[in-house]
Structures are given as C-alpha cells and as structure tokens.
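Fold and contact review
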Amino acid sequence: MTLTAPGGTVLSVVIGSRAYGLETEESDVDRRGVFVTPTPMFWRLDKPPDHVEGPLPEQLSWEVERFCALALEGNPAALECLWSPLVELVTPVGERLLALRRAFLSGKAERAFAGSAARQFHRLGPQDPPRPGGDARRWKMAMHMIRLLLGAAHLARHGEPLVEVGVHRDRLLAVRRGETPWPEVLEWRGRLLAELDERAGSALPERPDRAAVEEFLIEVRRSAL
C-alpha cells in the first residue's frame, strides 16, 4: 500500500504489533505521524486541529507542538514513534526531530510506561483472570501490560524505550495465545515491578530538556511562516 499522509507531514512511522515484532496474520498496520501546520493559521480565532485521523485505516498524526507536549510528558505512543524501526516517511524537519529524541526523556517516561501498564492491568479485572486459551481480547491486554512493563524496565536500565521486543517475543506471544498460566503472568509482572522499584529512573535524567525542544519548535514555526 502506498503511504498517504496529511499535508505537512514530517515524520510517519509504523508502531503497534508490527514495530514490536509481535504481529500475526490478522494484525493491522498502525501508523503515527507528525505534521507541521503553517504558522499563520495560528493567528486566527479558530485554531487548527492538534491531531488528525487517516486518511489510511489505523493512522493518526499529531501537529508538531502537540506531539512535543505529549513526548515531554513521557507518553508511550509518542516516544515509540521516535524509536520505531519502521520509518515510512521522514523530511529534514523529521530528521531533526529524531535527532532530538533523547531530549524528551526523563523519569516521567518510565512512570508513564508503568502507569499505562497499571491501567491495562486494572482493565483486565485481575480478580477474574482470563480463561486459558479463551478471552482473546483480555489475553492480548495481558500481553501489552507486560510489554509496557518491559518498556519501563528497559528505560530504567538503558535510558531509552524498548520498541522491538527481541528475546521476549515468543514468551509474549504465548501470553497473547492464552498458553501462559495466569499465576505465571502475575509472577512476571511482579518481578518487573520489583525491578522498577529497585532501579527507578536510574538511567534517566530527572527532567526532559525542555529548552532544546522549545528551540526546535520555534525554528519550525519560523520556517513555516
């Protein structure tokens, strides 16, 4: 399929299961992107949108300022865009954004990944575990809960997000298929949480480099006049 992107797109990547290395035959192609709105459009009373969906299925793009705000807060989906191995479109502005990616990292990112995992866990309803080999949607949620915790632990250990899951692939897919006993999933979760408690933020700065990000954004706005 030929990539179709919103006007002003500077970066378009594939995230989700295909970027994680967890795709199956049924997996969608999840695309995320960053676009730049012409600066004069912000001078109007009616402001331009900060994100758009489409035109392809499962495609969402953020305006560059909204993207930077999300990434500075450690939003997992935004940060994974900057580390995705599947880049479909990148302009010189997109290359500058990718070169800046470490400026967005801080302890907030680790907490955001862990927080997303906690929300997945509570949505799962841990008091009513998914049935072995059944409840496909809930087993998929369990897999992503563990994947997010692996991402948080990788941030604490190495100071950058984990996108392609590598050696964890087979074990995560076994969870998705409902082949892993629920107590084993809980034990894996517990070990990752213990590692986070021990390492919390050890490889990350306390704060992101907001000044560098703001300088980049100002340059982008000037170039879009």
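In what follows, the accompanying structure is described. Numbers given to residues run from 1 along each chain, matching the order in which its sequence is written. The predicted nature of this model means local features are confined to residues of pLDDT at least 70 and side-chain atom pairs, given and counted, to a pLDDT of 80 or more, with totals for whole chains, interfaces and linings taken over all residues. Computation of side-chain values: all heavy atoms of the structure, hydrogens and water removed.

1. Comments concerning the overall build of the protein chain
Which entries qualify depends on this criterion: Helix numbers and strand numbers start at the N terminus; a helix is a DSSP run of H or I with at least 4 residues, a strand a run of E with at least 2. In this description the radius of gyration comes from C-alpha coordinates, and the expected globular size is given by 2.2 Å times residues to the power 0.38. The buried label applies to any residue whose accessible area, calculated with a 1.4 Å probe on protein chains only, is under 20% of its type's maximum; exposed applies above 50%, and partly exposed to all values in between. In what follows, residue pairs with any heavy atoms lying within 4.5 Å of each other are defined as contacts. For the area figures, the Shrake-Rupley method with a 1.4 Å probe applies, and any residue is considered shielded solely by the protein chains shown. Lys and Arg are tallied as positive, Asp and Glu as negative. Neither His nor the chain termini are counted. The location of each charge is read from NZ of Lys, CZ of Arg, CG of Asp or CD of Glu.
Within the protein chain, the regular secondary structure consists of nine helices and five strands. Its C-alpha atoms give the protein chain a radius of gyration of 19 Å, within 12% of the compact-globule value 17 Å for 225 residues. A principal-axis box enclosing the C-alpha atoms of the protein chain has dimensions of 55 × 40 × 30 Å. Expressed as a percentage of the 225 residues in the protein chain, the buried residues total 49%. Sequence-distant contacts, at least 24 apart, represent 73% of the contacts inside the protein chain between residues at least 6 apart. As presented, the protein chain carries roughly 11,500 Å² of accessible surface, and 52% of it is formed by carbon and sulfur atoms. Charge-centre separation for the protein chain: the mean point of 30 positive side chains lies 2 Å from the mean point of 32 negative side chains.

2. Concerning the side chain of glutamate 63
Turning to its location among the elements, glutamate 63 is positioned in strand E4 (residues 59-63). Excluding residues that lie within four positions of it along the chain, glutamate 63 makes contacts with Phe35, Val36, Thr37, Phe42, Pro49, Asp50, His51 and Arg221.

3. Regarding the packing of helix H5 (residues 107-124) against helix H8 (residues 182-199)
The line we're drawing: A fitted line through C-alpha atoms serves as each axis, taken over the contacting stretch for helices, and the angle formed by two N-to-C directions is quoted from 0 to 180°. In these notes the angle categories are as follows: under 35 degrees is roughly parallel, over 145 is roughly antiparallel, 65 to 115 is roughly perpendicular, and the rest is oblique. Definitions for this section: a left-handed crossing has its near helix turned counterclockwise from the far helix by less than a right angle. A right-handed crossing has that turn clockwise. Three categories are distinguished: nonpolar for Ala, Val, Leu, Ile, Met, Phe, Trp, Tyr, Cys and Pro, charged for Asp, Glu, Lys and Arg, and polar for the others, with Gly belonging to the last.
At a minimum axis distance of 12 Å, the contact between H5 and H8 shows a crossing angle of 155°. As judged from the angle between their axes, H5 and H8 are roughly antiparallel. Considering only the axes of H5 and H8, their crossing is left-handed. Residue-level inspection shows Glu110, Ala114, Phe121 and Leu124 of H5 in contact with H8, the latter providing Trp182, Leu186, Arg189 and Leu196. Taken together, the residues of the contact of H5 with H8 break down into six nonpolar, no polar and two charged.

4. Describing the nonpolar core
Quick note on the threshold: For this analysis, a nonpolar core means a set of buried residues of the types Ala, Val, Leu, Ile, Met, Phe, Trp, Tyr and Cys, connected via side-chain atoms within 4.5 Å.
Membership of the largest hydrophobic core comes to 63 residues, with the highest contact counts inside it found for Phe67 and Phe104. Ranked by the residues each element gives to this core, the list is headed by helix H6 (residues 136-158), at 13 residues. Residues in contact with phenylalanine 104, not counting those within four places in the same chain, are Cys68, Ala71, Leu72, Leu79, Leu82, Leu97, Pro208 and Val213.

5. Looking at the pairing of strand E1 (residues 9-15)
Worth spelling out the cut-off: Only strands joined by at least two bridges in the DSSP assignment are considered to pair.
E1 sits mainly inside the fold: seven of its seven residues count as buried. Bridge analysis of E1 against strand E2 (residues 30-35) gives six bridges, and the strand direction is antiparallel. Looking at E2, one finds that serine 12 is bridged to glycine 33. In this sheet, strand E5 (residues 86-90) lies alongside E1 in antiparallel orientation, the contact comprising four bridges.

6. Concerning the packing of aromatic side chains
Pairs of aromatic rings are described using the distance from one ring centre to the other and the angle between the two planes. Our working rule: Stacked, tilted and edge-to-face pairs are distinguished by plane angle, under 30 degrees for stacked and over 60 for edge-to-face with tilted covering the rest, among Phe, Tyr and Trp rings (Trp via its six-membered ring) whose centres lie within 6.5 Å. Look at NZ for Lys and CZ for Arg. If either is within 6 Å of the ring centre and within 35 degrees of the ring normal, a charge sits over the ring.
One pass over the full model with this rule turns up three aromatic pairs. Aromatic pair tryptophan 62 and phenylalanine 67: ring centres 5.8 Å apart, planes at 45°, arrangement tilted. Ring centres 6.0 Å apart and planes at 75° place the aromatic pair tryptophan 139 and tryptophan 182 in the edge-to-face group. Here tryptophan 182 lies in helix H8 and tryptophan 139 lies in helix H6, a separation of 43 residues in the sequence. Each member of the pair, tryptophan 139 together with tryptophan 182, is buried. Each member of the aromatic cluster is reached from another via a ring pair, and the members are Trp62, Phe67 and Phe104. The lysine or arginine in question, arginine 147, covers the ring of tyrosine 20, its NZ or CZ lying 3.8 Å from the ring centre. The positively charged end of arginine 171 is found above the aromatic ring belonging to tryptophan 188, 3.9 Å away from the centroid.

7. Some remarks on H6
We apply this condition: Take the number of residues in a helix, subtract one, and multiply by 1.5 Å to get its expected span.
If you check H6, its first and last C-alpha atoms are 32 Å apart, about what 23 residues at 1.5 Å a residue would give, namely 33 Å. The buried fraction of H6 amounts to 18 of the 23 residues, a majority that puts the element mostly inside the structure. At the exit of H6 stands glycine 159, carrying a positive phi of roughly 75°.

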